[in-house]
Amino acid sequence: MSHFSDAITAIKQQLGDRLCIMGHHYQHDDVVRHCDVTGDSLELARRIEGIDAAHIVFCGVYFMGESAALLAKPGQSVHMPAWDANCMMSLMTPAALARTVLLQLQAAGRKIVPLAYVNTTLALKAVVGEFGGAVCTSANARTMLAWALEEAGPDGAVLFMPDKHLGRNTGLQLGLGPDDWHVLRLGGKKGLAGSERLPGSAAACRRLLLWPGCCAIHGRLRPESVQAARTAHPGCRVLAHPECRPELIRLCDGAGSTSYLIREAEKAAAAKSGPLIIGTETNLVHRLRDRFDGHCRIEPLAPAICPDMAKVTEANLLACLQSVAAGTARTMTLQDEQRAPARASLTRMLQVCAAQR
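Residues numbered from 1 in each chain as written. Predicted model: local features only at pLDDT ≥ 70, side-chain atom pairs only at ≥ 80, totals over all residues. Heavy atoms only, no water.

1. Points about helix α3 (residues 41–48)
Then, in step 1: For α3, the full list of buried residues reads Ser41, Leu42, Leu44, Ala45 and Ile48. One side of α3 carries all its buried residues, which in axial view fall inside an arc of 165°.
Then, in step 2: Packed against the buried residues of α3 are β1 (19–24), β2 (37–39), β3 (55–59), α4 (62–71) and α16 (336–356).
Then, in step 3: Where α3 begins, the side chain of Asp40 points an oxygen toward the backbone nitrogen of Glu43, at a separation of 2.9 Å. (Buried < 20%, exposed > 50% of the residue type's maximum accessible area, 1.4 Å probe, protein only. Helix = DSSP H or I, 4+ residues; strand = E, 2+ residues; numbered from the N terminus. Arc of directions from axis to C-beta. Contact = heavy atoms within 4.5 Å. Polar contact = N/O pair within 3.5 Å; in protein donor to acceptor, adjacent residues only side chain to side chain.)

Following this line, the structure appears as structure tokens:
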């Protein structure tokens, strides 16, 4: 334990039930050990409603703090240890550009239902809510895409933003194929490239329209790593996160959200099965490897560290808690005009998923 750890524990005891520390699974162990609630994006969003603490310290990237502030109760404050911890994928779909593209797509006369991955800015979630769409996570992407396709109807389309890999992998789960989807071509701030606006273009007739974004961390994992893992670990199972490219997912034994990967590791450990190779953020894989050491060998498919998640450290968590205790902590603030539509996009997700449980 570091000297930061004792100081953090002391402040937690001082603040008691006025404080709740939340952390994403991709955080380093040094941070996770201090969290009162850990989970993936969906689990953390679900848990906000049940938290009564006056101060929520969110260990994760910026869009997660925004979502926490959006779902928090009146009077609750959300703080972040690292305000510069962003998500590059969340910045790939500027809200103003998404609005322009949605209007251009609607101009063709079709109903377009936007579905935004939770890894997006509050401003984009507000645009999605305004256009009658919803948010999804990797854990519920299949449920939410099925909902969005039904909302769009047989002649409409879903605009999935921003992760083209997750969109295609989820489409495959629902029986869609290359003839059903199309990765949009953009023409800068003007929105769609000119050819995409022509009658009869793929953008005008495909059911699943994909924004050309992706996760740089999962996107760097390559299909050849799967075969290398099978050679190095005979008899292993290979699992991956659905933000990975479809060519890699096809070679795996399974794919799913962070929660899915954790459950599969628990099952493998309980069964004392052969090696399990996991393609996702390395902090999580190493935590699972250490947790189940002696029961199941667990290794990362390849190095995949998110540099933004790594910006949250014990040192800046302590500094954040010290400022909370002193009453000087910076608080997440949201633009009033974005609150209602952004909240609508998140609550639609939670309502649809609750109906499926």
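2. Focus: α16
Side chains three or four residues apart in an α-helix point the same way, a direct result of the helix having 3.6 residues per turn.
Then, in step 1: Taking 1.5 Å of rise per residue, 21 residues should cover 30 Å, and α16 covers 31 Å from first to last C-alpha, within 8% of that figure.
Then, in step 2: If you follow the buried residues of α16, they end up packed against α3, α4, α6 (122–130), β6 (134–136) and α7 (141–152). (Expected span 1.5 Å × (residues − 1).)

3. Structural notes on unusual backbone geometry
Then, in step 1: Note the cis peptide between Met161 and Pro162, where omega equals -10°.
Then, in step 2: The phi dihedral of Lys272 falls on the positive side, at around 50°, and the residue is not glycine.
Then, in step 3: Mapped onto the secondary structure, Lys272 falls in the loop between α13 (258–271) and β12 (276–279).
Then, in step 4: According to the relative accessible area criterion, Lys272 is exposed, its value standing at 53%.

4. Some remarks on the layout of surface pockets
Then, in step 1: Empty space within the largest pocket amounts to approximately 390 Å³.
Then, in step 2: Lining of the largest pocket is provided by 31 residues; of these, Tyr26, Cys87, Asn119, Cys215 and Glu243 occupy positions nearest its centre.
Then, in step 3: Among the elements of the structure, α3, α4 and α10 (216–219) are those that each provide at least two residues to the lining of the largest pocket.
Then, in step 4: Tallying contributions element by element places α10 first for the lining of the largest pocket, with three residues.
Then, in step 5: Grouping the amino acids of the lining of the largest pocket by side-chain chemistry returns 18 nonpolar, nine polar and four charged. (1 Å grid on protein atoms, 1.4 Å probe; cavity = no way out; pocket = protein on both sides within 12 Å on 5 of 7 lines; lining within 4 Å. Points joined across faces, edges and corners; volume = space filled by probe spheres on them. Nonpolar A, V, L, I, M, F, W, Y, C, P; charged D, E, K, R; others polar.)

5. Here we look at empty space enclosed by the protein
Then, in step 1: Applying the stated rule across the entire model yields one cavity of 30 Å³ or more.
Then, in step 2: Taken as a whole, the largest cavity holds about 90 Å³ of empty space.
Then, in step 3: Residue lining of the largest cavity: Ser41, Leu44, Ala45, Ile48, Phe58, Phe63, Met64, Ser67, Ala68, Leu71 and Val118, and that is the complete set.
Then, in step 4: Of all the secondary-structure elements, those providing two or more residues to the lining of the largest cavity are α3 and α4.
Then, in step 5: Top element by residues in the lining of the largest cavity is α4. It accounts for five residues.

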